[in-house]
Amino acid sequence: MTGLGVTSAIGIGARHFWQAALAGRSGVSKLTAFESMPMEAYRSQVAGQIHDFSVGRYIQGALAERVDRFAQFAMVAATEAVADSGLQLDREDPRRIGVMVGAGMGGMVIAEQEYHRVYQDLRPNRVVPNFIPEVTLNSASGALAIMCGAKGPNLTISTACSSSAHAIGLAREAIRAGRADVVIAAGADASIVPLTFAGFCSLRALSTAFNASPEKASRPFTRTRDGFVMGEGAGALILESLDHARKRGARIYAEVAGYAATSEAHHMVVPREDGLEIANTMAMALSNARIRPAQVDYVNAHATSTPIGDVVEIRAIKHLFKRRASQIAVNATKSLVGHALGAAGALAGIVCALTIDSGLIHPTINYDDPDPDCALPGISERAQERSVEVALLNAFGFGSNNATVVFRRCSI
Amino acid sequence: MTNGTDIALRVRTALAAFLKRDVATIKPGDVLRDDLGLDSLATIELLYQIEDAFDLEIPDTDLPGLVTVADVTAYLQRRAPEAPPAPAKPQSPSR
């Protein structure tokens, strides 16, 4: 991993994001994205929104204006990641550069806008010509390829909330299989729009008890957690083969050392309560990396702040790591930015890279009322200083989908 | 308590329709999860239909108390003592 880029509710740019994360700043605020709606009809009224985002502030040109908000987020993050890596894309073989983007929902802003035009206004003949290219789930990976001139494998992975964890894992596999030297792995979603948000409300997946104190609403591992907070954003990571990175003298944040993808084949939206499938996914990823559980220092937990999800993940961590579980640092990036769906895995991967690089573990904010069933000594409301050699990223998605990615300090 | 009996019957009828079962097989003491086989998502779907039928909103904080069919009936008796018959509800623009 040689380059990082972030578009998030606590900062545009990896540096701003990381400073805010270490300071424990919440990006969750009162929902203002669609104030023309009858807001009292939304059970949840908080979200991790990126306020006042204008793509033109970061990227010039028609392409950025012609893609949906989630793809704009991805373009901004990828532009930063490429610059951060020091890659001179015009000096690379374009066919050896791939793009892999995780996205859960796709172009939801234009989708809802144009549904309105057809169903409410009854004007199907006035649907905008760019609707299909913009709504399509792979519009972000397409836009990144065009922006970067990347002619290698171009894939979109959609597994709901685990999408971009898979993008990182599959990017690594593409490089290891010799299909690319460089892969831009990213995740993006921007679904804080009236219908999609209402759908998550109806599913009773979102926090509803903290509408009056938004920054308290995302509170993983606490007794008072009551659902996730919808977020949005993008993360981008430059992955390249070790040879390629060394030849050009690149700064290496960390190595993507292992990956596992599994299905629980259990339930569309609820994990198995015993946590065994999650434990198995983590074990498979460690085995893939040839790393023993006892070597793991840090877990970036999926931890969305739902009553069931958090406790199941901790159960899985205790099951796999046994006594080691009490020595591992664990945090929840979603306590800061909410759940950015398809972007969550990429943001977590960036956190893993920055944690290994800096030896600092960002706080899990709002951890002021620990749930005994989720308690581990390594969860803290404060930033922790600790040398991390091996980090684990967990990401679980609707559709019974699990992913774990293993990161290791690059010692070469 | 004609109204209470009405509500009980409406809840059982709604459940029977949801589960595609004979209403006579739905007992007040049935536990939604264990006896009727409703998982968390199915429970939420059922409550969504009950909200529609009784024109009310059931907050998340009330969900843990809704374990049996009788719990749902008692809850609705408290919340909707004069609930209109199911089909009479006007469609709210927010749904």
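Calculation rules
- Residues numbered from 1 in each chain as written.
- Chains lettered and ligands numbered in written order.
- Predicted model: local features only at pLDDT ≥ 70, side-chain atom pairs only at ≥ 80, totals over all residues.
- Helix = DSSP H or I, 4+ residues; strand = E, 2+ residues; numbered from the N terminus.
- Rg over C-alpha atoms; globule rule 2.2 N^0.38 Å.
- Buried ≥ 20, exposed ≤ 12 C-beta atoms within 10 Å, placed from the backbone.
- Contact = placed C-beta atoms within 7 Å.
- Pairing = 2+ DSSP bridges.
- Axes fitted to C-alpha atoms, helices over the stretch in contact; angles between N-to-C directions.
- pLDDT = per-residue confidence, 0-100.
- Parallel < 35°, antiparallel > 145°, perpendicular 65-115°, else oblique.
- Nonpolar A, V, L, I, M, F, W, Y, C, P; charged D, E, K, R; others polar.
- Domains from an automatic or database assignment.

**Student:** I'd like a description of the overall build of chain A, backed by residues and values.
**Tutor:** Helices and strands together make up the secondary structure of chain A, namely 13 helices and 15 strands. Here chain A has a C-alpha radius of gyration of 20 Å; the compact-globule value for 412 residues is 22 Å, and the two agree. On the principal axes, the C-alpha backbone points of chain A span a range of 60 × 55 × 40 Å. Within the span of chain A, comprising 412 residues, buried residues form 56% of the whole. A separation threshold of at least 6 residues defines the contact pool for chain A, and within that pool the share at least 24 residues apart is 80%.

**Student:** Provide a residue-level description of the overall build of chain B, including the pertinent values.
**Tutor:** In terms of regular secondary structure, chain B is built from three helices and zero strands. In chain B, the succession of helices and strands from N to C terminus is α-α-α. When burial is assessed residue by residue, chain B has 20% of its 95 residues classed as buried. Contacts in chain B between residues at least 24 apart in sequence constitute 61% of all its contacts with a sequence separation of at least 6.

**Student:** Outline the sheet that holds strand β11 (residues 329-331) of chain A, supporting the account with residue identities and numerical values.
**Tutor:** The strands that make up a sheet pair up through hydrogen bonds in the backbone, lying either parallel or antiparallel. Residues and elements named next belong to chain A. Spatial strand order, β9-β15-β14-β10-β11: five strands in an open sheet with mixed pairing. This sheet does not close on itself; its edge strands, each paired only once, are β9 (255-263) and β11. On average, each strand axis in the sheet is inclined to that of its neighbour by 15°, with strand direction left out of account. Two strands pair when backbone bridges link them, and β9 and strand β15 (residues 401-408) are joined in this way by eight bridges, in the antiparallel orientation. Along β15, the bridge assignment pairs S263 with N401.

**Student:** Which residues make up helix α6 (residues 139-148) of chain A, and what values go with them?
**Tutor:** All names here are of chain A. α6 sits mainly inside the fold: eight of its ten residues count as buried. Residues of α6 that are buried: S139, A140, S141, A143, L144, A145, M147 and C148. In this structure, the buried residues of α6 make contact with α2 (62-65), α3 (69-85), β5 (97-102), α5 (131-135), β6 (154-157) and β7 (182-189). G149 lies just past α6 and shows a positive phi near 65°.

**Student:** Describe in detail the confidence of the model for chain B, supporting the description with residues and values.
**Tutor:** All names here are of chain B. On average, residues of chain B score 81 in pLDDT, and 80% of them are at 70 or above. Within chain B, no element has a lower average pLDDT than helix α1 (residues 2-19), which sits at 83, and none a higher one than helix α3 (residues 69-79), at 93. Under a pLDDT of 50 for its full length, residues 86-95 has, in the predicted model, seven contacts with residues more than four places off or in other chains. Both scores are available for the predicted complex, with the pTM at 0.92 and the ipTM at 0.74.

**Student:** How would you explain the packing of helix α7 (residues 163-176) of chain A against helix α13 (residues 344-358) of chain A if you had to name every residue and give the values?
**Tutor:** Residues and elements named next belong to chain A. In the contact formed by α7 and α13, the axes pass within 5 Å of each other and the chain directions differ by 60°. Judged by the inter-axis angle, α7 sits oblique to α13. The residues of α13 that touch α7, namely those facing S163, S164, A165, A167 and I168, are A344, G345, A346 and G349. The residue makeup of the contact of α7 with α13, split by class, is five nonpolar, four polar and no charged.

**Student:** Please provide a residue-by-residue account of the domain arrangement of chain A, values included.
**Tutor:** Residues and elements named next belong to chain A. Looking at chain A, the domain boundaries give domain 1 (3-247) and domain 2 (255-408). One C-alpha centre belongs to domain 1, the other to domain 2; they are set 21 Å apart. Contacts between the two partners involve 62 residues from domain 1 and, on the opposite side, 53 residues from domain 2. Looking at the side of domain 1 that touches domain 2 residue by residue, the class counts come to 30 nonpolar, 23 polar and nine charged.

**Student:** Help me get a handle on the interface of chain B and chain A, residues and values and all.
**Tutor:** Contact with chain B, which involves nine residues of that partner, is made by twelve residues of chain A. Taken together, the residues of the side of chain B that touches chain A sort by class into four nonpolar, three polar and two charged.

**Student:** An account of the pairing of β15 of chain A is requested, with residue identities and associated values reported.
**Tutor:** Residues and elements named next belong to chain A. The element β15 is largely enclosed, with a buried count of eight among its eight residues. Burial along β15 is two-sided: the face carrying N401, A403, V405 and F407 and the face carrying N402, T404, V406 and R408 are both buried. Where strand β14 (residues 390-397) and β15 come together, eight bridges link them in antiparallel fashion. Note that in β15 the partner of V390 across the bridge is R408.

**Student:** Break down the environment of E114 of chain A for me, citing the residues and quoting the values.
**Tutor:** Tracing the sequence through the fold places E114 of chain A in helix α4 (residues 108-120). Beyond its immediate sequence surroundings of up to four residues, E114 of chain A is in contact with V127, V128 and F131 of chain A.

**Student:** How would you explain unusual backbone geometry if you had to name every residue and give the values?
**Tutor:** Phi is positive for S305 of chain A, which is not a glycine, with a value near 85°. Looking at where S305 of chain A falls in the secondary structure, it is placed in the loop between β10 (298-300) and α11 (307-321). The phi torsion at D55 of chain B lies on the positive side, around 55°, for a residue other than glycine. Note that D55 of chain B resides in the loop between α2 (40-54) and α3. According to the C-beta neighbour criterion, D55 of chain B is partly exposed, with 14 such atoms within 10 Å.

**Student:** Go over the sheet that holds β7 of chain A with me, naming the residues and quoting the values.
**Tutor:** Residues and elements named next belong to chain A. Strand order in the open sheet formed by six strands is β2-β1-β8-β7-β5-β6, with mixed pairing between adjacent strands. This sheet does not close on itself; its edge strands, each paired only once, are β2 (11-12) and β6. Where β7 meets strand β8 (residues 233-240), eight bridges bridge the pair, whose relative direction is antiparallel. The residue bridging A186 from the neighbouring strand is A236, located in β8.

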